[in-house]
Amino acid sequence: MPFSRSSARIILISITSIAALVSCRTKVSVPRPAVEYVSSIVQDKTSRQAMLVSSSASGSSDGSIFIVGEPLESLHLSEALMCSDDFDNVTGSAHPDALPDFAGEEICSLLDKANSPYRGYLKASNSSFLRELTVRHVVESLDSVVFISPFDKEGMGRRKAAKLIVLASPYMAAYGRFDADTLFSCMGVESIVISPLDIMMAESLPADGTPVNVGVLADSAAIADRVYESVFAEQTSRKASPSSLLFQGSPRGNGHELVSFLEQYSQAGYSNPLSVLIVDDYSVDIDSLKAELAAIRVELSDAQLLYGSLVSDDFRILDTRSTVAHECYRRLRSSNTFTHNIAYPRASALVSSPSTELPSMCYTPDGALTDDFKYSRRVMSDYPSYMLLQFSTRFIPESILDTLRSKAPKTYSSYVQK
């Protein structure tokens, strides 16, 4: 690879060992080394990247809620924020008030077409690049510059910088969230990164370390890649709950996902009740799950007799959409950084696109990065391999546009109006 300055040197080590990241403003002990990109920013406080991170401490309300991840995940979360009405906007109480929770806010999605799907980095044993990519996207979200076409070399567009950053991908939660948080910590700034998977895992575990049984309903590929196990292991270590159990299953698509999941759980030989079901799959209807749970709660019903012993009395369903909406609302309200503009929420987007200055062997016939190049990229490269473009349907495959129109109509309408 002629484009790289150094090979990946940072490896994951046991979360119980302690290391200090060099050159922190205040020496901060961290449970494992962050990627080299974090160290490079911390060591040069005059760099543009360092100044962008430092600027996030301003507490300005004039910023966007920024969603980072693979395109479909980002679009689903954008639509969830556009439609959310779970709170009274005056009192903050958990009661809908027929006014969007994020009225006046801009929800910007980074549709990471060029660098996804992320599981390819794990298959190529290149998780270091995925970790660095997560941090780069976090830092890029704090910038106000955007390119208007693949041939714009100066960054002629302008946008709102992020005031909150949501990691839509479970892969970024498992490989990169720690590094991003470490960057903010070592710059002496409170992290504005939100990882819904980490939040759901943490909420599943009692503060006193009591062992519990937690279910995850998610895409089979992410389960096979053990991303949920990774985040769960970190959270159980934090909560001193090593005996807690994680059981994972994928949707069956039969309209009875809770019952199907409980059957999988029982068939695997488990009988102790589940305390929580985490749903990280956007194809699953949460209202349908809640209706199934209500049927199981009916005393002496067939559902109760069959499945009642498999759910605890305080069994809860946590899902990614609601978790993101509630955490964004909580943070904006507690920091008083809502815009308070009287307007509907607006959606905008950036699209990652391959750099136009790579050797021809790096591109597929349609201009995307080849898998061989994409997944073998080394950390700390001197040559950027992608750029962030202002949204245009020209830069989006038709398959993603179809999802945008059908699954995220409010987001799509806002894109078109913009």
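Up top is the structure.
These remarks concern the structure in this document. (Residues numbered from 1 in each chain as written. Predicted model: local features only at pLDDT ≥ 70, side-chain atom pairs only at ≥ 80, totals over all residues. Heavy atoms only, no water.)

### A word on the packing of helix 5 (residues 127-141) against helix 7 (residues 177-186)
Under the convention used in this document: Here the axes come from fitting lines to C-alpha atoms, over the contacting stretch only for helices, and the angles between their N-to-C directions go from 0 to 180 degrees. Note on conventions: DSSP H or I runs of at least 4 residues are helices, E runs of at least 2 residues are strands, and numbering of each starts at the N terminus. An angle below 35 degrees is treated as roughly parallel, one above 145 as roughly antiparallel, one from 65 to 115 as roughly perpendicular, and anything else as oblique. By definition, turning the near helix anticlockwise from the far helix through less than a right angle yields a left-handed crossing, and turning it clockwise yields a right-handed one. We call two residues contacting when some pair of their heavy atoms lies within 4.5 Å. Note on residue categories: nonpolar means Ala, Val, Leu, Ile, Met, Phe, Trp, Tyr, Cys or Pro, charged means Asp, Glu, Lys or Arg, and polar means any other residue, Gly included.
Two numbers describe how helix 5 lies on helix 7: the axes approach to 8 Å, and their chain directions differ by 45°. Judged by the inter-axis angle, helix 5 sits oblique to helix 7. The crossing of helix 5 and helix 7 is right-handed. Along its contact with helix 5, which presents Arg131, Thr134, Val135, Val138 and Val139, the element helix 7 presents Arg177, Phe178, Asp179, Ala180, Leu183 and Phe184. Residue composition of the contact of helix 5 with helix 7, by class: seven nonpolar, one polar and three charged.

### Things to note about the environment of Ala34
To be explicit about the condition: Exposure categories follow from relative accessible area, calculated using a 1.4 Å probe and restricted to protein chains: below 20% of the type maximum is buried, above 50% is exposed, and the middle band is partly exposed.
Topologically, Ala34 is positioned in the loop between strand 2 (29-30) and helix 1 (36-43). Residue classification places Ala34 among the buried positions, given a relative accessible area of 3%. Distance in space between the C-alpha atoms of Ala34 and Lys407 is 36 Å, their sequence separation being 373 residues.

### Section: the nonpolar core
The criterion, for reference: Only buried residues count toward a nonpolar core. Its members are Ala, Val, Leu, Ile, Met, Phe, Trp, Tyr and Cys residues joined through side-chain atoms within 4.5 Å.
Judged by nonpolar contacts, the single largest core of 102 residues is most densely connected at Phe102, Leu183, Met201 and Tyr228. No other element matches helix 5, which puts six residues into this core. Filtering out sequence-adjacent residues up to four positions away, Phe102 remains in contact with Ile65, Leu81, Ser84, Ala325, Cys328, Tyr329, Leu332, Phe338 and Pro345.

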